[in-house]
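Architecture at a glance
Listed below, chain by chain, are the residues.
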Amino acid sequence: MIAFLLGQYDLARGLHIIAVIAWMAGLLYLPRLYVYHSRTAVGSETDQTFQVMERRLLRGITNPAMIVAYVFGAWLIWIDGHARGWGFLLKPWMLTKIVGIVFQTGWHHFLGRARKAFARGERPHSERFWRLTNELPFVAAIVMVLAVTTEFGN
Ligand code: HEM
């Protein structure tokens, strides 16, 4: 069984990328909802609708996708550790990837806390704030994908 799992690099990589796409979709769509949610009156019908959309997006897609991206990412680390030696974790490209993972995870939790604030009837940040920060996960994803595909400094 161990030998079989260690031999599934391409399957693990494919499943990992699928989970990453879903995770990024949630991290990019949620702040867009916050942009327009920020304009609504607390307690209004539109406010309630945004709360439902945000809760479903976070709990139904973004949270599970992050967990699955981690599980398949860990599987890939395990395969790579056996195939290339654990030293690959300290390569510049993988360290860049790890910094990106820490950022994406931190931003995910930040968005989760903002969702709870909206549900309490607060407006945690301005519409302008959500517009300006909306692309941050995408910029980080560009850096992460180029790091792991070019394997610079290998
Ligand atoms: C959640 C934690 C994550 C872990 C532990 C992780 C770990 C890994 C590892 C070990 C590999 C294989 C590297 C190789 O052998 O070439 C990999 C591949 C990949 N990762 Fe992640 N990753 C994570 C999140 C992400 C995120 C957030 C993105 C994009 C935004 C991403 C994009 C990719 C891509 C595109 C590949 C395939 C690279 C290739 O085919 O050469 N990963 N990941």
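Attention here is on the structure that accompanies the text. The model shown is predicted, which means the values in this text are computed figures rather than measured ones. (Residues numbered from 1 in each chain as written. Predicted model: local features only at pLDDT ≥ 70, side-chain atom pairs only at ≥ 80, totals over all residues. Heavy atoms only, no water.)

Let's shift gears to the overall build of the chain. Scanning the chain from N- to C-terminus turns up 6 helices and 0 strands. Along its sequence from the N terminus, the chain presents helices and strands in the succession α-α-α-α-α-α. For the chain, buried positions account for 38% of its 154 residues. Taking contacts inside the chain between residues at least 6 apart in sequence as the whole, the part at least 24 apart equals 79%. Entry remark: accessible area of the chain is about 8,600 Å², with carbon and sulfur atoms responsible for 69%. Within the chain, the 9 negative side-chain charges are centred at a point lying 3 Å from the centre of the 16 positive side-chain charges. (Helix = DSSP H or I, 4+ residues; strand = E, 2+ residues; numbered from the N terminus. Buried < 20%, exposed > 50% of the residue type's maximum accessible area, 1.4 Å probe, protein only. Contact = heavy atoms within 4.5 Å. Areas by Shrake-Rupley, 256 points an atom, 1.4 Å probe, with all protein chains shown as cover. Lys, Arg positive; Asp, Glu negative; His and termini not counted. Charge placed at Lys NZ, Arg CZ, Asp CG, Glu CD.)

Taken together, 20 residues form the shell around the ligand, and within it Y9, R13, H16, D80 and K97 come nearest. Contact distances for the ligand include 2.8 Å between a nitrogen atom and a side-chain N or O atom of H16. For the ligand, a nitrogen atom lies 2.5 Å from a polar atom in the side chain of K97. Counting residues per element, the shell around the ligand draws most heavily on helix α2 (residues 9-37), at 7 residues. Along the lines of polarity and charge, the residues of the shell around the ligand split into 13 nonpolar, 2 polar and 5 charged. (Near = heavy atom within 4 Å. Polar contact = N/O pair within 3.5 Å; in protein donor to acceptor, adjacent residues only side chain to side chain. Nonpolar A, V, L, I, M, F, W, Y, C, P; charged D, E, K, R; others polar.)

What follows is about the coordination of the iron atom of the ligand. For the iron atom of the ligand, the full set of protein donor atoms is H16 (NE2) and K97 (NZ), and the range of their distances to it is 1.9 to 2.1 Å. Coordination at the iron atom of the ligand is octahedral: its 6 donor atoms span angles of 80 to 177° at the metal. On the criterion of sequence distance, the pair formed by H16 in helix α2 and K97 in helix α4 (residues 92-119) is long-range, its members being 81 residues apart. A single burial state applies to H16 and to K97, both of which are buried. (Donors = N, O, S within 2.8 Å, 3.2 Å for Na, K, Ca; no water. Tetrahedral: all angles 85-135°; square planar, octahedral: opposite > 155°, others 65-115°.)

Here we take up the nonpolar core. Grouped together as the largest cluster of nonpolar side chains are 21 residues, with contacts concentrated most on W23, L30, Y34, L111 and W130. Secondary structure elements with two or more residues in this core: α2, α3 (45-84) and α4. The biggest single contributor to this core is α2, with 8 residues. For Y34, the contacting residues outside a window of four places in its chain are E54, L111, A114, R115, F118 and W130. Of all hydrophobic cores here, the second largest spans 5 residues; its members include F72, W75, L76 and I79. (Core = buried A, V, L, I, M, F, W, Y, C linked by side-chain atoms within 4.5 Å.)

Here we come to the packing of aromatic side chains. Taken as a whole and judged by the stated rule, the model has 10 aromatic pairs. Taken together, a centroid distance of 5.9 Å and an interplanar angle of 45° make the contact between F110 and W130 tilted. Separated by 20 residues along the polypeptide, F110 in helix α4 and W130 in helix α5 (residues 127-133) bring together distant segments of the chain. For W130, a relative accessible area of 0% translates into the label buried. (Phe/Tyr/Trp six-rings, centres within 6.5 Å; stacked < 30°, edge-to-face > 60°.)

Glancing now at the pattern of salt bridges. Under the criterion given, the structure shown has 7 salt bridges. A salt bridge links R13 to D10; its shortest N-O distance comes to 2.8 Å. Taken as a pair, R13 and D10 lie in helix α2 at a separation of 3 residues, close to a single helical turn. A residue is classified by how much of its surface remains accessible, and D10, at 52% relative accessible area, is exposed. For R120, the salt bridge goes to E122, with nearest N and O atoms at 2.8 Å. On the basis of relative accessible area, R120 is assigned to the exposed category, the value being 55%. Under the relative-accessibility criterion, E122 is labelled partly exposed at 36%. Among the ionic contacts, a cluster of salt bridges with common partners joins R39, E127 and R131. (Salt bridge = Lys/Arg side-chain N within 4 Å of Asp/Glu carboxyl O.)

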